[in-house]
Amino acid sequence: MTADLKTNFIIEKIKKSRLPQADFSNLVFGRMFSDHMLIADYIDGQWQTPKIIPYQALPYEPSAKVFHYGQAIFEGMKAYKDQNGNAFLFRPEDNFERMNNSAQRLGMPAIPKEYFVNGIKELIKLDKDWIPTGNGQSLYIRPVFIATENAVAASPSASYRFIVISSPAAKYYSGDVKVKIEDKYSRACDGGVGYAKAAGNYAAQFYPTEKAKAEGFQQIIWTDSAQHKYLEEAGTMNIFFRIGDKLLTAPTVPVSTRILPGVTRRSIIQLAKDNNIDVEVRPVEVAEVIEASKNGTLQEIFGAGTAATILPIAGLKYKDYYADLPKLKDGFANKFKNMLMDIQYNRVEDPYGWRVKID
Ligand SMILES: *Cc1c(COP(=O)(O)O)cnc(C)c1O
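Because the structure is a prediction, the values reported are computed rather than measured.

## Focus: the overall build of the protein
Now for step 1: Along the protein, the regular secondary structure elements total seven helices and 21 strands.
Now for step 2: Structurally, the protein occupies a C-alpha span of about 60 × 50 × 40 Å along its principal axes.
Now for step 3: A fraction of 72% describes how many contacts in the protein between residues 6 or more apart in sequence connect residues 24 or more apart.
Now for step 4: Just so you have it, the protein exposes about 16300 Å², and 49% of that area is on carbon and sulfur atoms.
Now for step 5: Side-chain charges in the protein split into 45 positive and 41 negative, and the spacing between the mean points of these groups amounts to 3 Å.

Laid out in structure tokens, this is it:
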């Protein structure tokens, strides 16, 4: 880090916490925001003093580049509380590294680790009481990085703002989730920005996903853009397939630049290996999964991502084919979900050093 990096956060506390009005019994994902937010501005090559201030609206001119060119990236992570009220992050350095990989791809400057990892710790320390403690609840943390220069000119911005907000969260999806294998639209292509958490990737998914919803499917499983032959991932989740007792998932960077390298995915692969579950990271063909579904060897499909943790898929559509998936109580999805949550909520030893205490 450069010697002149300003690392002392200016902290302006909220005058009156909004916590007494917060109802954690009916949490809707991403709708309620905690008292404070972090902001750090990058102006003409220099990071300004980072601040933690009350959550508030931001004043931007309509010419700010983020509105025109989508030079914007984000991250998603969570803070968890254990039974004794200790708060933890899960693999925050992985999110930090991924955010800077996204920044590089979008022509944005690197965010200092002091702002990302330590800044988030400072922020969550201040908003610790916003971490809900009900079953499966957590505080969702959303870092976002945007181009703030006022100029209608398609070139990288001269100024940026790094922002972190947080939101008390319960489950991401409720009810059965059925998926459609997409064979027309694509979310990413080789050499593109699929591996980055670039804001525009998600906007591009909305239209096809709404079409799938109208057909009764909550999520799309994307296929490769060149041939629509390989299964890639869902909207904000990586995807695992269990055929027989073998777990399959597609490769991500550096093998494929189309797929987001999920921290949950990476953690599941590690847990699978350490629990003698056969896991293959390789391109997964639509044809082999449909074949397995037809011959009864397709046991499970599940999504993996921070928001949903692990999401078992209830049904699968591809062109004119549809099949319900078996409902397994002790399947891999539940096994990995419990293992992950036990580590995240400090219920077991963490041999990997994934859990990071906030103190
Ligand atoms: C964020 C994201 C994931 C999951 O990543 P995690 O680090 O596990 O939360 C998967 N796919 C896409 C497209 C994503 O944006």
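## What about the side chain of threonine 209?
Now for step 1: Among the secondary structure elements, threonine 209 is positioned in helix 4 (residues 199-214).
Now for step 2: For threonine 209, a relative accessible area of 13% corresponds to the buried category.
Now for step 3: At 2.6 Å, the side chain of threonine 209 and the backbone oxygen of glutamine 205 are in polar contact.
Now for step 4: What threonine 209 contacts, discounting residues up to four positions off in sequence, is Gln218, Ile220 and Trp222.

## Side note on helix 3 (residues 113-126)
Now for step 1: With 14 residues, helix 3 extends 19 Å from end C-alpha to end C-alpha; this agrees with the ideal 20 Å at 1.5 Å per step.
Now for step 2: Helix geometry: helix 3 is bent most strongly at glycine 119, by close to 35°.
Now for step 3: Looking only at helix 3, the buried set comprises Tyr115, Phe116, Val117, Gly119, Ile120, Leu123 and Ile124.

## What to know about the site of the ligand
Now for step 1: Near the ligand, the surroundings consist of 15 residues, among which Lys197, Tyr202, Glu233, Thr264 and Thr306 are the closest.
Now for step 2: Take tyrosine 202: an N or O atom from its side chain is 2.3 Å from an oxygen atom of the ligand.
Now for step 3: For the shell around the ligand, the per-class residue count stands at four nonpolar, seven polar and four charged.

## With respect to helix 5 (residues 263-274)
Now for step 1: Spanning twelve residues, helix 5 covers 17 Å between terminal C-alpha atoms, matching the ideal 16 Å at 1.5 Å per step.
Now for step 2: When helix 5 is considered as a whole, its buried residues turn out to be Val263, Thr264, Arg265, Ser267, Ile268, Ile269, Leu271 and Ala272.
Now for step 3: Where helix 5 ends, the next residue or the one after it, asparagine 276, has phi of about 55°, a positive value.

## Regarding the packing of helix 5 against helix 7 (residues 332-344)
Now for step 1: Packing of helix 5 against helix 7 brings their axes to within 11 Å, and their N-to-C directions diverge by 105°. The angle between helix 5 and helix 7 places the two elements in the roughly perpendicular class. Counting all contacts with helix 5, which are made through Thr264, Ser267, Ile268, Leu271 and Ala272, the residues of helix 7 involved are Phe336, Met339 and Leu340.
Now for step 2: Grouping the amino acids of the contact of helix 5 with helix 7 by side-chain chemistry returns six nonpolar, two polar and no charged.

## Some remarks on the environment of valine 177
Now for step 1: Position of valine 177 relative to the elements: it lies in the loop between strand 9 (159-169) and strand 10 (178-181).
Now for step 2: C-alpha separation for the pair valine 177 and tyrosine 318, spaced 141 residues apart in sequence, amounts to 15 Å.
Now for step 3: Excluding residues within four positions of it along the chain, valine 177 makes contact with Gln218, Gln219, Leu311, Pro312, Ile313, Ala314 and Gly315.

## Some words on the domain arrangement of the protein
Now for step 1: Domain boundaries assigned for the protein yield domain 1 (2-169) and domain 2 (178-344).
Now for step 2: Between the C-alpha centres of domain 1 and domain 2 there is a distance of 28 Å.
Now for step 3: Listed per partner, the contact involves 21 residues of domain 1 and 22 residues of domain 2.
Now for step 4: Here domain 1 meets domain 2 over a buried area of about 1800 Å², counting both sides, of which 62% is carbon and sulfur.
Now for step 5: Joining domain 1 to domain 2, the criterion identifies one salt bridge.

## Describing the packing of aromatic side chains
Now for step 1: For the structure on display, the rule yields 21 aromatic pairs.
Now for step 2: Where tyrosine 352 meets tryptophan 354, the ring centres are 4.1 Å apart and the plane angle is 15°; that geometry is what we call stacked.
Now for step 3: Note on tryptophan 354: relative accessible area 6%, which makes it buried.
Now for step 4: Grouping aromatic residues by their ring pairs yields a cluster made of Phe9, Tyr42, Trp47, Phe96, Tyr115, Phe116, Phe145, Tyr160 and Phe162.
Now for step 5: Against the face of phenylalanine 88 rests arginine 355, its NZ or CZ located 5.7 Å from the ring centre.

## So, the sheet that holds strand 18 (residues 309-312)
Now for step 1: If you walk across this open sheet you meet the five strands as 15-14-13-17-18, and the pairing is mixed. Every other strand in the sheet has two partners, leaving strand 15 (278-281) and strand 18 as the edge strands with one partner each. When strand polarity is set aside, the average angle formed by the axes of neighbouring strands in this sheet is 25°.
Now for step 2: Pairing analysis gives four bridges linking strand 14 (residues 246-249) to strand 15, with the strands arranged parallel. Bridge pairing in strand 15 places threonine 249 opposite valine 281.
Now for step 3: Set on the sheet, helix 7 makes contact with strand 13 (238-243), strand 14, strand 17 (298-305) and strand 18; between it and strand 18 the angle comes to about 165°.

Cut-offs applied
Residues numbered from 1 in each chain as written. Predicted model: local features only at pLDDT ≥ 70, side-chain atom pairs only at ≥ 80, totals over all residues. Heavy atoms only, no water. Helix = DSSP H or I, 4+ residues; strand = E, 2+ residues; numbered from the N terminus. Contact = heavy atoms within 4.5 Å. Areas by Shrake-Rupley, 256 points an atom, 1.4 Å probe, with all protein chains shown as cover. Lys, Arg positive; Asp, Glu negative; His and termini not counted. Charge placed at Lys NZ, Arg CZ, Asp CG, Glu CD. Buried < 20%, exposed > 50% of the residue type's maximum accessible area, 1.4 Å probe, protein only. Polar contact = N/O pair within 3.5 Å; in protein donor to acceptor, adjacent residues only side chain to side chain. Expected span 1.5 Å × (residues − 1). Bend = angle between axes of the 7 residues up to and from the residue. Near = heavy atom within 4 Å. Nonpolar A, V, L, I, M, F, W, Y, C, P; charged D, E, K, R; others polar. Axes fitted to C-alpha atoms, helices over the stretch in contact; angles between N-to-C directions. Parallel < 35°, antiparallel > 145°, perpendicular 65-115°, else oblique. Domains from an automatic or database assignment. Buried area = accessible area lost by both parts, 1.4 Å probe. Salt bridge = Lys/Arg side-chain N within 4 Å of Asp/Glu carboxyl O. Phe/Tyr/Trp six-rings, centres within 6.5 Å; stacked < 30°, edge-to-face > 60°. Lys NZ or Arg CZ within 6 Å of the ring centre and 35° of its normal. Pairing = 2+ DSSP bridges.

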